[in-house]
Amino acid sequence: MEHRNNMNKSRRDFIQKSVIAGVGLSLIDPLMVSAFAKKSKMKLGLVTYQWGKDWDLPTLIANCEKTGLLGVELRTEHAHGVETSLSASQRAEVKKRFADSPVECLGYGSNFDYHHADQARVRKTIEGTKQYLQLCKDIGSTGIKVKPNGFPDSVSKEKTIAQIAASFNECGKFASDLGLVVRVEVHGEGTQELPNMKAIFEQVTEKSVKMCWNCNDQDLWEPGLEANFNSVKKWFGDTVHIRELNVGEYPYQQLMTMFNAIKYDGWLLLEARTEPADRVAAMKEQLQIFNKMVGNS
């Protein structure tokens, strides 16, 4: 089985490189290709949020392959249908679909959060996280996305921070035993502010728990993007959430440069918000912009 998995990975790596060469790098200036190859291993992928929410799994994989976005985070309750209700044989089929394609399943984008004052709800959330971590293992993905989601008025901020961190540690231990990671999205009113995320991660002891930068407006608050980035960069994992690179005022070029400076080699996952008439064409356009930005970083 291990030999077969290695063969599948080698095949996927070969196809990924072929698709990137044919779809991604052909979209940028030839002089930039060499610099891109030397300077960065960052990759553009997709969160099924919005642009992929109504695609079944074969369509999702085909569209990612067609556009060169070769990593995907499966957002919860979307048309791909990858949920804990799947049987063992259905999970094996999902795993095979990805193994037979150049598209890497990065895992599950859940809505699990751990800030609630109701302790029964927190316990239910932790147990649900574990169930979906097992799903992630069974489909051959690498981890699950979770989040903090605010500070209850009835509980002190310090107590909530400790509770969130303890929950991450428990889920992280379970993930580590499966060889997976827990990706914490910088999310939620109050909790998406980088000083508060830093306070949470200062109490996280499990190495399998990583931070997923989320490109929030709060990143730009004082003391500024670079200082906020540097304050938490030691906890970054292998995923970052971005919006459309040509929409809004977020300084994506600066962000790319900072990630390149720390030799980040993970995924920047497109969590799109707009509604283009042709989503496949829009994904190709985003890859073109991404490649130019990385080439300039």
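The structure displayed is predicted, hence computed values, not measured ones.

Take the pattern of salt bridges next. Applying the stated criterion across every chain, the model contains 14 salt bridges. Salt-bridge contacts for R123 lead to E127; the nearest nitrogen and oxygen are separated by 2.8 Å. With R123 and E127 both in helix 5 (residues 119-138) and four residues apart, this pair spans about one turn of that helix. Taking the relative accessible area as the measure of exposure, R123 reaches 37% and is therefore partly exposed.

Take helix 7 (residues 194-201) next. Residues of helix 7 that are buried include every one of L194, N196, M197, I200 and F201, and no others. Axial view of helix 7: buried residues confined to an arc of 160°, hence all on one face. Packing partners of the buried residues in helix 7 comprise helix 6 (157-178), strand 5 (181-185), strand 6 (209-212) and helix 8 (225-232).

One pass over the structure, following the stated rule, counts zero disulfides. Between C105, a free cysteine, and C136, which holds the nearest cysteine sulfur, the sulfur-to-sulfur gap is 7.1 Å. Given the relative accessible area of 3%, C105 is considered buried.

To continue, consider the sheet that holds strand 3 (residues 104-109). In space, the eight strands of this open sheet follow the order 6-5-4-3-2-1-8-7, with parallel pairing throughout. The open sheet has two edge strands, strand 6 and strand 7 (239-242), and neither has a second partner. Taken pair by pair, the neighbouring strands of this sheet meet at an average axis angle of 30°, ignoring direction. Two elements, strand 1 (residues 43-47) and strand 2 (residues 71-75), share two bridges in a ladder whose sense is parallel.

This brings us to unusual backbone geometry. Geometrically, the link from E222 to P223 is a cis peptide bond, its omega value of 10° lying close to zero. Mapped onto the secondary structure, P223 falls in the loop between strand 6 and helix 8. Here E77, not a glycine, exhibits a phi torsion of approximately 65°, which is positive. Mapping E77 onto the fold places it in the loop between strand 2 and helix 4 (88-99). The phi torsion at K263 lies on the positive side, around 60°, for a residue other than glycine. Locating K263 in the fold gives a position in the loop between helix 9 (252-261) and strand 8 (267-270). Looking at K263, the relative accessible area reads 70%, which means it is exposed.

With that out of the way, let us pick up the pairing of strand 1. Of all the five residues making up strand 1, four are buried; the element is thus mostly covered by neighbouring parts of the structure. In the sheet, strand 1 pairs with strand 8 via four bridges, with the strands oriented parallel. When the bridges of strand 8 are listed, L46 appears paired with L270. Viewed along the sheet, the connection from strand 1 through helix 3 (residues 57-67) into strand 2 turns out right-handed.

Quick notes on the rules
- Residues numbered from 1 in each chain as written.
- Predicted model: local features only at pLDDT ≥ 70, side-chain atom pairs only at ≥ 80, totals over all residues.
- Heavy atoms only, no water.
- Salt bridge = Lys/Arg side-chain N within 4 Å of Asp/Glu carboxyl O.
- Helix = DSSP H or I, 4+ residues; strand = E, 2+ residues; numbered from the N terminus.
- Buried < 20%, exposed > 50% of the residue type's maximum accessible area, 1.4 Å probe, protein only.
- Arc of directions from axis to C-beta.
- Contact = heavy atoms within 4.5 Å.
- Disulfide = S-S within 2.5 Å.
- Pairing = 2+ DSSP bridges.
- Axes fitted to C-alpha atoms, helices over the stretch in contact; angles between N-to-C directions.
- Right-handed = clockwise from strand over helix to strand, strands pointing away.

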